[in-house]
Amino acid sequence: MPQQPPVRSTPTRSSRPDASMSLLTNVMDHSLDDGYAEAAARKKAEGAGGMPKTLQARLGLAAGLVLAALVVTVGAAQARVAAPVVAKEREELIDRIDRETAAADKLEGSVDKLRDDVSARQREALKHSGGGDKSELVGILSGAVQVHGTGVKLVVNDAKEAISGGNGDPRETSDFSDTGRVRDRDMQRVVNGLWESGAEAVSINGQRLTALSAIRAAGDAILVDNKPLVPPYTVLAVGNGKQLSTMFQNSADGLYLHALQENYGIRTSISVESDLRLPAAPSVIVRTAQPSTEKTEKGTS
């Protein structure tokens, strides 16, 4: 039997010549992404049946602006209506403050007059207390009367280094807070030393001291009877000038002041004065008193 030639399979050709390029064909047939296509379809549908969102947003913004303008207008109208009431209340408050201030000033003036009257009566009573020559001495020692005569002038000041800092204010430095500044305890020792040395009347920076005077400190300031003093501190003491100066400088308090000068730079100067004038104390308060029976006893004897 004659042998037939083998049958060879011939590949079938596709109806399209680009069938072998399926990826490129798919890209060409679906050039628009599905998401973009969906968005385009939705936009088309809104344009056909509903209001565009851009227009809705503009209308919402316009409504908000109208509402804000309405609120501002109403607030301004209310403020305009309330302004006269507020102004009237403010004027009434100012008038009330002025009246109360004037009343307080009047009362303060009355208190000052009464205080001066009481002080004058106390000084007059001391002058005519019936004690003979002792009445004048009592008035001087109590600070109830003005005095003048010989004595000493003692000036006590902070150290120079204390003044060089703190913008020239000796109370604003810190380096000499415990050394270069004069303290209340220093002035206490000075005054006590003058009394012990024979002073009959003493004043500091023009303020008369009495048996009830207090020298204290408030922060860095020295107070005398609750009144602040500033350096330099000028102490006037009426008495036998030369003797008072010598006795004070040789006393323990005078040596204490000299030690402050030598060790810490405290500046001091003392001089004998021929005529010192010390004012009377602003107020002499009598703590305790008892009637004198000397006249009665003399009359019955």
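Because the structure is predicted, anything quoted here is derived from the model rather than measured.

Here is what the cut-offs are and how they apply
Residues numbered from 1 in each chain as written. Predicted model: local features only at pLDDT ≥ 70, side-chain atom pairs only at ≥ 80, totals over all residues. Heavy atoms only, no water. Helix = DSSP H or I, 4+ residues; strand = E, 2+ residues; numbered from the N terminus. Expected span 1.5 Å × (residues − 1). Buried < 20%, exposed > 50% of the residue type's maximum accessible area, 1.4 Å probe, protein only. Arc of directions from axis to C-beta. Contact = heavy atoms within 4.5 Å. Phe/Tyr/Trp six-rings, centres within 6.5 Å; stacked < 30°, edge-to-face > 60°. Lys NZ or Arg CZ within 6 Å of the ring centre and 35° of its normal. Core = buried A, V, L, I, M, F, W, Y, C linked by side-chain atoms within 4.5 Å. Pairing = 2+ DSSP bridges. Salt bridge = Lys/Arg side-chain N within 4 Å of Asp/Glu carboxyl O. Axes fitted to C-alpha atoms, helices over the stretch in contact; angles between N-to-C directions. pLDDT = per-residue confidence, 0-100. Left-handed = near helix turned anticlockwise from the far one by under 90°. Nonpolar A, V, L, I, M, F, W, Y, C, P; charged D, E, K, R; others polar.

(A) Looking closely at helix H8 (residues 252–264). Across its 13 residues, H8 extends 18 Å between first and last C-alpha, which sits within 8% of the 18 Å expected from 1.5 Å per residue. Listed in full, the buried residues belonging to H8 are Asp253, Gly254, Leu257 and Leu260. Taken end-on, H8 shows its buried residues confined to a sector of 115 degrees, consistent with a single buried face. For H8, exposure combined with an orientation more than 90 degrees from the buried face picks out Ala252, Leu255, Glu262 and Asn263. The inward-facing, buried residues of H8 abut strand E1 (147–157), helix H6 (184–196), helix H7 (241–250) and strand E8 (267–278).

(B) Region of interest: the packing of aromatic side chains. Counted under the stated rule, the structure contains zero aromatic pairs. Directly above the ring of tyrosine 256 sits arginine 189, whose terminal nitrogen or CZ lies 4.2 Å from the centroid.

(C) The nonpolar core, seen in detail. One finds Met187, Leu194 and Ile204 to be the most contacted residues of the largest nonpolar core, which totals 24 residues. Mapped by element, the contributors of at least two residues to this core are E1, H6, strand E2 (201–204), strand E5 (221–224), strand E7 (233–238), H7 and H8. The element contributing the most residues to this core is H6, with four residues. Not counting the four nearest positions on each side in its chain, leucine 194 is found in contact with Val152, Ala199, Val235, Ala237, Leu244 and Phe248.

(D) View of the pairing of E5. Here strand E4 (residues 215–218) pairs with E5 via four bridges, running antiparallel. Counterpart to alanine 218 in the pairing with E5 is alanine 221. Two successive antiparallel strands, E4 and E5, enclose a turn made up of two residues, where glycine 219 displays a positive phi of approximately 70 degrees. Of the strand pairs in this sheet, E5 and strand E6 (residues 227–229) are connected by three bridges, and their pairing is antiparallel. Across the sheet, the residue bridging to isoleucine 222 is leucine 229, located in E6. If you look at the hairpin formed by E5 and E6, you'll find two residues sitting between the two strands, and aspartate 225 has a positive phi there, around 55 degrees.

(E) View of the pairing of E7. Counting buried residues in E7 gives five out of six residues, a clear majority hidden from the surface. With six bridges connecting them, E1 and E7 associate as antiparallel partners. Each bridged residue has a counterpart across the sheet, and for glycine 151 the counterpart in E7 is valine 238. With four bridges connecting them, E2 and E7 associate as antiparallel partners. The residue of E7 that forms the bridge with alanine 201 is valine 238.

(F) View of the pattern of salt bridges. All chains considered together, the criterion is met by two salt bridges. Of the charged contacts in the structure, one is a salt bridge between aspartate 253 and arginine 189, with a shortest N-O distance of 3.0 Å. Here aspartate 253 is found in helix H8, whereas its partner arginine 189 is found in helix H6, with 64 residues between them in sequence. Judged by relative accessible area, which is 31%, arginine 189 ranks as partly exposed.

(G) Seen up close, the sheet that holds E5. An order of E4-E5-E6 is seen for the three strands of this open sheet, with the pairing classed as antiparallel. Edge positions in the sheet fall to E4 and E6, since each has one partner strand and no second. Neighbour to neighbour, the strand axes of the sheet diverge by 40 degrees on average, direction disregarded. Strand contacts of H6: E4 and E5, with the helix running at about 170 degrees to E4, the strand carrying the most contacts.

(H) Quick look at the confidence of the model for the protein. On average, residues of the protein carry a pLDDT of 75, and 64% of them reach 70 or more. Per-residue pLDDT stays below 50 along residues 5–11; that stretch engages in zero contacts with residues further than four places along the chain or on separate chains. The model gives residues 296–301 a pLDDT under 50, and that stretch makes zero contacts with residues more than four places away or in other chains.

(I) Layout of the sheet that holds E2. Spatially, E3-E2-E7-E1-E8 is the arrangement adopted by the five strands of the open sheet, whose pairing is antiparallel. Both edges of this open sheet fall to strand E3 (207–208) and E8, since each of them pairs with a single strand only.

(J) Local environment of the packing of H6 against H8. Viewed as axis vectors pointing N to C, H6 and H8 meet at an angle of 145 degrees, and their least axial separation amounts to 8 Å. Between H6 and H8 lies a crossing whose hand is left-handed. Contacts between H6 and H8 involve Asp186, Arg189, Val190, Asn192, Gly193 and Glu196 from the first element and Ala252, Asp253, Tyr256, Leu257 and Leu260 from the second. When the residues that make up the contact of H6 with H8 are grouped by side-chain class, the tally is five nonpolar, two polar and four charged.

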